[in-house]
Amino acid sequence: MSVHDMVIYQVYPKSFYDSTGSGVGDLRGVIEKVAHIASLGVDMVWFNPFFVSPQRDNGYDIADYYAIDPAMGTMADFEELVAALDAHGVGVMLDMVLNHTSTEHEWFRRALAGEAAYQDFFFIRPGVDGHPPNNWVSKFGGSAWAPFGDTGDYYLHLFDVTQADVNWHNPRVRDEMAKVVEFWRGKGVRGFRFDVINLIGKPADLPSAPEGTDDRAMYTDGASVHEYLRELAARSYGLDPDSVTVGEMSSTSVEACVQYSNPDNDELSMVFNFHHLKVDYRDGQKWTLMPFDFAELKRLLMDWAVRMQEGGGWNALFWNNHDQPRALDRFADPVGHRYESATMLATVIHLLRGTPYVYMGEEIGMTDPEYTAIGDYVDVEAINAYAALVASGMSDADAFAIVHSKARDNARTPMQWSPEAHGGFTTGTPWLRPTNHERINVADEEASGRILPYYRALIRLRKTHPLIAEGTVEPFALDHPSVLAYLRRHGEQQLLVLANFYGEPTSLAIPDAFVGGEILIANDPSAEPPASAEVLLRPYEALAIRIPSQPQGEQS
Ligand code: TEU
């Protein structure tokens, strides 16, 4: 199977379905909902981490890579889940958090207890004049260094203080990490998502960032990442033609991503980057409020599409994940035009060059929750950010407005299965509260909704049209103020994809060749083949026009 015609579904297990009434989702809950996943036509499910963890960062703080968090189920449940998905031809992708471990991991405990061999598993350094060893900051706020017990030394944590960065320069660490991947491959797992994997090549001397420069440049996409990835591949997934790997690349560059994902380099199948999801950050800062910059969004999406193609790289395509507020709320209109917005955004991603990912709930047009108090949020990042904003002198109301629009919890609310209590997610008290399940839920979508069928149709198109899976991409009408457009070509065939990102109608000129072309898919069921080279688009309309309309040897 090629990753080019795959579509991957993301499940946040804590919030998918609770089979026990504990208020937290679990593996048996996913087993109960396999039919929903399979009905989408996806090839693989990426599960966020469900390993043993103190849950300081919702499972991204792993204390044991080989065991399932008892709150989520047992190894037998996991094996049953793999089999249940496999029965529908759906594979499993696990989240490998190999850049850091929980400070409750045995390696860190033994390091703290004084075992030198394990101290070399982490970055432990003396302070400088009573200050941390360098000026790096944690992505969750504050210094990236914390006291290492009472030794007077510090350990590095680029994320939460309980997530200690692991020293990949140590060959024993690399052995251990390859063993982890092999263990899960032994359970039939063929997909791996590698968390912030472009941070594993930080220089061993951990230099401070020069005054006034961004410290991320010091540790991101470091020279040795590529070498370590190739080594990991060679020891585990590298020779398996069925393996699917995706690296999460934090603050990366196209050049680096080409290298990670060009098949000739034997590193990864594809990469996630986040540049297009920072177009509503003021001055590059997440904890701000700003309407999204459409021109920049377009420029970034098209620039990455073209440059990844030129370099033979492969992108993972996504609007949503467990770290991002819902794209519907950020880039479109979840109130007045929910159907059009959801399907327009989906069209843009699913017809592009790359592998689309659907984040649970996206397929029914789920939105950010309508929370009203800071107490509704549980994510460590949101809580730290709120405190920092208030400490900086901002009013509670302004700080709340920012958290409300930016918090990762926006994506983590339970999957809304039905209009019943807690969206049918749990019979207990949900760990995070859904707010609009009476209006937005799977049962209603199945009965009479239009978003879910549209997702199924889009996913099917990739499987039936090499034009979508394999075609080249080029931007179209880059200067248009409200339409994102691109062309795909494959042999004789061409596809023109148009998406109006705004609530007002607009028009644009298309190449004459597309006049009278076939509508491959449109979110307006009454859309007709264009009668002239001037196409009128309704609010949030998405339209894909194909020529020639009846290719030989391909069924639509
Ligand atoms: O996220 C990496 C990452 O860079 C995030 O911190 C992202 O920038 C942030 O969430 C946006 O606000 C990965 C996981 O996806 C995330 O859930 C983890 O918290 C993080 O790594 C640490 O493992």
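Residues numbered from 1 in each chain as written. Predicted model: local features only at pLDDT ≥ 70, side-chain atom pairs only at ≥ 80, totals over all residues. Heavy atoms only, no water.

## What about the packing of helix H9 (residues 254-261) against helix H10 (residues 294-310)?
In contact at an axis separation of 9 Å, H9 and H10 are set at 45 degrees when each is read in the N-to-C sense. Between H9 and H10, the angle is such that the two are oblique. Seen along the crossing, H9 lies across H10 with a hand that is right-handed. Side by side, H9 and H10 meet where Val254, Glu255, Cys257, Val258 and Ser261 of the first sit next to Trp304, Arg307 and Met308 of the second. In terms of residue class, the contact of H9 with H10 is built from 5 nonpolar, 1 polar and 2 charged. (Axes fitted to C-alpha atoms, helices over the stretch in contact; angles between N-to-C directions. Helix = DSSP H or I, 4+ residues; strand = E, 2+ residues; numbered from the N terminus. Parallel < 35°, antiparallel > 145°, perpendicular 65-115°, else oblique. Left-handed = near helix turned anticlockwise from the far one by under 90°. Contact = heavy atoms within 4.5 Å. Nonpolar A, V, L, I, M, F, W, Y, C, P; charged D, E, K, R; others polar.)

## Some thoughts on the site of the ligand
Inspection of the region around the ligand gives 17 residues, with Asp57, Asp195, Lys286, His322 and Asp323 positioned closest. Between the ligand and Arg193 there is a distance of 3.1 Å, counted from an oxygen atom to a side-chain nitrogen or oxygen. Between an oxygen atom of the ligand and a side-chain N or O atom of Asp195, the distance comes to 2.8 Å. Computed on the free molecule, the ligand has an accessible area of 490 Å², of which 90% lies beneath the protein chains in the complex. At a threshold of 2 Å from the grid points, most atoms of the ligand map onto the largest pocket. Looking at the shell around the ligand, its residues break down into 4 nonpolar, 4 polar and 9 charged. Here the shell around the ligand gathers at least three residues from each of two domains, domain 1 (3-100 + 171-459) and domain 2 (106-165). (Near = heavy atom within 4 Å. Polar contact = N/O pair within 3.5 Å; in protein donor to acceptor, adjacent residues only side chain to side chain. Areas by Shrake-Rupley, 256 points an atom, 1.4 Å probe, with all protein chains shown as cover. 1 Å grid on protein atoms, 1.4 Å probe; cavity = no way out; pocket = protein on both sides within 12 Å on 5 of 7 lines; lining within 4 Å. Sits in = over half its atoms within 2 Å of the grid points. Domains from an automatic or database assignment.)

## Topic: helix H17 (residues 451-464)
Think of an α-helix as 3.6 residues a turn; residues three or four steps apart then line up on the same face. For H17, with 14 residues, the first-to-last C-alpha span of 20 Å sits near the 20 Å given by 1.5 Å per residue. Among the residues of H17, Ile451, Leu452, Tyr454, Tyr455, Arg456, Leu458, Ile459, Leu461 and Arg462 are the ones counted as buried. (Expected span 1.5 Å × (residues − 1). Buried < 20%, exposed > 50% of the residue type's maximum accessible area, 1.4 Å probe, protein only.)

## Observations regarding the layout of surface pockets
Which parts of space are left empty comes out when a probe the size of a water molecule is rolled across the atoms. Computed from the structure, the largest pocket encloses a volume of approximately 1300 Å³. In terms of lining, the largest pocket is formed by 41 residues, of which the most central are Lys139, Arg216, Lys278, Lys286 and Glu381. Secondary-structure elements contributing two or more residues to the lining of the largest pocket are helix H7 (216-219) and helix H13 (380-391). Top contributing element to the lining of the largest pocket by residue count: H13, with 5 residues. Partitioning the lining of the largest pocket into residue classes produces 12 nonpolar, 15 polar and 14 charged. Here the lining of the largest pocket spans two domains, since at least three of its residues come from each of domain 1 (3-100 + 171-459) and domain 2 (106-165). The calculated volume of the second largest pocket comes to roughly 520 Å³. Mapped by element, the contributors of at least two residues to the lining of the second largest pocket are helix H8 (224-235) and strand E12 (244-248). In terms of residues, the lining of the second largest pocket owes the most to one element, H8, which gives 3 residues. In the lining of the second largest pocket, the residues fall into 11 nonpolar, 9 polar and 5 charged. (Points joined across faces, edges and corners; volume = space filled by probe spheres on them.)

## Describing the domain arrangement of the chain
Interface size is commonly expressed as the accessible surface area that is lost when the partners come together. Assigned domains of the chain: these are domain 1 (3-100 + 171-459), domain 2 (106-165) and domain 3 (468-547). Taken residue by residue, the interface counts 29 residues in domain 1 and 23 residues in domain 2. In total, about 2200 Å² of surface goes out of reach between domain 1 and domain 2, with carbon and sulfur atoms giving 60% of it. Along the contact surface separating domain 1 from domain 2 lie 2 salt bridges. Among the ionic pairs, Arg56 bridges to Asp160, the shortest N-O distance being 3.5 Å. Looking at the side of domain 1 that touches domain 2, the elements that each hand over two or more residues are helix H6 (171-185), H7 and H13. (Buried area = accessible area lost by both parts, 1.4 Å probe. Salt bridge = Lys/Arg side-chain N within 4 Å of Asp/Glu carboxyl O.)

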